[in-house]
Amino acid sequence: MLDILKKLVGDKKEYREMMARVDVLPDDYQFVFKKIQQYMWEFGIGDGYDILKIHYELIDLFEEGAAEGK
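Residues numbered from 1 in each chain as written. Predicted model: local features only at pLDDT ≥ 70, side-chain atom pairs only at ≥ 80, totals over all residues. Heavy atoms only, no water.

The next subject is a nonpolar patch on the surface. A cluster of nonpolar side chains, namely F31, V32 and I36, defines an oily patch on the protein surface of about 250 Å² accessible area. Mapped onto the elements of the fold, V32 is located in helix α2 (residues 27–43). Of the residues examined, V32 reaches a relative accessible area of 37% and is grouped as partly exposed. (Patch = residues over 30% accessible without salt bridge, like charges linked within 9 Å, V, L, I, M, F, W, Y side chains within 5 Å. Areas by Shrake-Rupley, 256 points an atom, 1.4 Å probe, with all protein chains shown as cover. Salt bridge = Lys/Arg side-chain N within 4 Å of Asp/Glu carboxyl O. Helix = DSSP H or I, 4+ residues; strand = E, 2+ residues; numbered from the N terminus. Buried < 20%, exposed > 50% of the residue type's maximum accessible area, 1.4 Å probe, protein only.)

This next bit is on the packing of aromatic side chains. Applying the stated criterion across every chain, the model contains two aromatic pairs. Residues Y29 and F62 carry aromatic rings whose centres are separated by 5.5 Å and whose planes lie at 80° to one another, so their mutual orientation is edge-to-face. You can see Y29 sitting in helix α2 and its partner F62 sitting in helix α3 (residues 49–67), a full 33 residues away along the chain. With a relative accessible area of 12%, F62 lands in the buried category. Here Y39 and F43 contribute two aromatic rings whose centre-to-centre distance is 4.8 Å and whose plane-to-plane angle is 45°, an arrangement assigned as tilted. Linking Y39 with F43, this pair stays in helix α2, spanning four residues, or about one helical turn. There is no split in this pair, since Y39 and F43 are both exposed. (Phe/Tyr/Trp six-rings, centres within 6.5 Å; stacked < 30°, edge-to-face > 60°.)

Below, the structure written as C-alpha coordinates:
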(Lines give C-alpha, C1' and ligand atoms only; values in the text may rest on other atoms or scores of the structure.)
Protein backbone atom coordinates (compact mmCIF):
# COMPACT_ATOMS: atom_id res chain seq x y z
CA MET A 1 0.00 0.00 0.00
CA LEU A 2 2.84 2.37 0.84
CA ASP A 3 4.39 1.79 -2.59
CA ILE A 4 1.14 2.78 -4.29
CA LEU A 5 0.95 6.00 -2.27
CA LYS A 6 4.56 6.86 -3.09
CA LYS A 7 3.86 6.31 -6.78
CA LEU A 8 0.75 8.49 -6.68
CA VAL A 9 2.62 11.30 -4.94
CA GLY A 10 5.49 10.99 -7.42
CA ASP A 11 3.12 11.01 -10.39
CA LYS A 12 1.33 14.08 -9.09
CA LYS A 13 4.66 15.86 -8.57
CA GLU A 14 5.74 14.97 -12.10
CA TYR A 15 2.45 16.28 -13.51
CA ARG A 16 2.80 19.56 -11.59
CA GLU A 17 6.34 20.00 -12.92
CA MET A 18 5.09 19.38 -16.45
CA MET A 19 2.32 21.95 -16.08
CA ALA A 20 4.79 24.46 -14.59
CA ARG A 21 6.65 24.28 -17.91
CA VAL A 22 3.40 25.04 -19.72
CA ASP A 23 2.64 27.99 -17.42
CA VAL A 24 5.77 29.86 -18.55
CA LEU A 25 4.91 29.56 -22.24
CA PRO A 26 3.29 32.51 -24.04
CA ASP A 27 -0.48 32.70 -23.55
CA ASP A 28 -1.37 31.46 -27.03
CA TYR A 29 0.89 28.41 -26.61
CA GLN A 30 -0.70 27.67 -23.22
CA PHE A 31 -4.18 27.91 -24.70
CA VAL A 32 -3.38 25.53 -27.55
CA PHE A 33 -1.56 23.06 -25.29
CA LYS A 34 -4.46 22.93 -22.83
CA LYS A 35 -6.99 22.39 -25.63
CA ILE A 36 -4.90 19.55 -27.07
CA GLN A 37 -4.43 18.11 -23.59
CA GLN A 38 -8.16 18.25 -22.90
CA TYR A 39 -8.91 16.49 -26.17
CA MET A 40 -6.31 13.80 -25.52
CA TRP A 41 -7.58 13.07 -21.99
CA GLU A 42 -11.12 12.86 -23.32
CA PHE A 43 -10.53 10.73 -26.39
CA GLY A 44 -7.10 9.17 -25.85
CA ILE A 45 -6.51 5.48 -25.45
CA GLY A 46 -4.14 3.96 -22.92
CA ASP A 47 -3.42 4.21 -19.25
CA GLY A 48 -2.52 7.90 -19.19
CA TYR A 49 1.23 7.38 -19.16
CA ASP A 50 1.19 6.98 -22.94
CA ILE A 51 -0.45 10.38 -23.20
CA LEU A 52 2.05 12.01 -20.83
CA LYS A 53 4.93 11.07 -23.13
CA ILE A 54 3.17 12.88 -25.96
CA HIS A 55 2.52 15.86 -23.68
CA TYR A 56 6.24 16.14 -22.89
CA GLU A 57 7.11 16.06 -26.58
CA LEU A 58 4.47 18.70 -27.31
CA ILE A 59 5.83 20.94 -24.54
CA ASP A 60 9.33 20.53 -25.98
CA LEU A 61 8.01 21.57 -29.40
CA PHE A 62 6.20 24.60 -27.96
CA GLU A 63 9.25 25.66 -25.92
CA GLU A 64 11.42 25.51 -29.04
CA GLY A 65 8.86 27.49 -31.04
CA ALA A 66 8.54 30.14 -28.32
CA ALA A 67 12.34 30.43 -28.05
CA GLU A 68 12.56 30.97 -31.81
CA GLY A 69 9.75 33.52 -31.74
CA LYS A 70 7.40 31.48 -33.91
